[in-house]
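Per-entry structural report
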Amino acid sequence: MNAPAPKQTAALTAVPTAGIQQPPQQPGEWTIAQITAALSRPLPKSITASRKQGGKEITFIPWNQVNRVLDKYAIGWSWSILTMTISNDRIFVTGRLTVPTADGEVSRDAIGTELLKETTRDGEIRERAYGDPSSNAESMAFRRAAARFGLGLYLYDK
């Protein structure tokens, strides 16, 4: 029994499709080359976000948007956490993104990391203010693994 097609957002329908046929309708329909070509295209700005980091403005694709793009162009993808390691001040998460293709399953691994605590200007050590460190590290690993399939890779060229 086939699962219903994922719900498409307005932003995803705006992804440029020049030179790319209709998105796949089932897992394994496209080759890895077709999936990589589709994921490598620049995305509409409405899908990206930005934040200040190290005094610079960086543009990135939030994990939930990565999820939606993969649902459209890499149907049947799966994500698994391989390892989670904690040091004195950081958490490291290694994850694997697997995509079923006409060529067989293709996987890409990536690592994400996050500080567990931060030091304020007053020298006080406190818990990180935004989100859960393990979720943040997993999100980073997930986005990086998707970039290894081409998704948002152009954002690193700046």
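The structure this text deals with has already been given above.
This report concerns the structure included in the present document. Please read these numbers as outputs of a predicted model, since none were measured by experiment. (Residues numbered from 1 in each chain as written. Predicted model: local features only at pLDDT ≥ 70, side-chain atom pairs only at ≥ 80, totals over all residues. Heavy atoms only, no water.)

1. Details of the packing of helix 2 (residues 32-39) against helix 3 (residues 63-73)
Put simply, the test is: Axes, fitted as lines to C-alpha atoms, cover a helix only where it is in contact. Angles between the N-to-C directions of the axes lie from 0 to 180 degrees. By definition, any uninterrupted DSSP run of H or I lasting at least four residues is a helix, any uninterrupted run of E lasting at least two residues is a strand, and each is numbered from the N terminus. Working rule for angles: under 35 degrees goes down as roughly parallel, over 145 as roughly antiparallel, 65 to 115 as roughly perpendicular, anything else as oblique. Crossing handedness: left-handed means the near helix sits turned counterclockwise from the far one by under a right angle, and right-handed means the same turn made clockwise. Residues count as neighbours in contact if any of their non-hydrogen atoms are within 4.5 Å of one another. Residue polarity is assigned by list, with Asp, Glu, Lys and Arg as charged and Ala, Val, Leu, Ile, Met, Phe, Trp, Tyr, Cys and Pro as nonpolar; anything else, Gly included, falls into the polar class.
Contact geometry of helix 2 with helix 3 gives a least axis separation of 10 Å together with a crossing angle of 140°. It follows that helix 2 is oblique to helix 3 by the angle criterion. The element helix 2 and its partner helix 3 pack so that their crossing is right-handed. Judged by residue contacts, Ile35, Ala38 and Leu39 of helix 2 engage Val69, Leu70 and Tyr73 from helix 3. Split into classes, the residues belonging to the contact of helix 2 with helix 3 amount to 6 nonpolar, no polar and no charged.

2. Some points on the nonpolar core
Burial of nonpolar side chains together is a common tendency in soluble globular proteins. Put simply, the test is: We define the nonpolar core as a collection of buried residues of types Ala, Val, Leu, Ile, Met, Phe, Trp, Tyr and Cys that are connected through side-chain atoms lying within 4.5 Å of one another. Think of it in three bands: with a 1.4 Å probe and only protein chains considered, a residue is buried below 20% of the maximum accessible area for its type, exposed above 50%, and partly exposed in between.
In terms of nonpolar packing, the biggest core is built from 23 residues, with Leu39, Ile61, Val66, Leu70, Leu97 and Leu151 touching the most fellow members. Going through the elements one at a time, helix 2, helix 3, strand 4 (90-101), strand 5 (104-115) and helix 4 (133-147) are the ones with two or more residues in this core. Residue contributions to this core peak at 4 residues, all from helix 3. In contact with Val66, other than residues within four places in its own chain, are Ile61, Phe142, Arg143, Ala146 and Leu151.

3. Quick word on the pattern of salt bridges
We apply this condition: Every case where a carboxyl oxygen of Asp or Glu lies within 4 Å of a side-chain nitrogen of Lys or Arg is listed as a salt bridge.
All told, the structure shown has 1 salt bridge when counted by the stated rule. One salt bridge connects Arg96 with Asp109, and the closest N-O pair in it is separated by 2.7 Å. Here Arg96, found in strand 4, pairs with Asp109, found in strand 5; they are 13 residues apart in sequence, far enough to count as distant. Taking relative accessible area as the criterion, Arg96 reaches 32% and is therefore assigned partly exposed.

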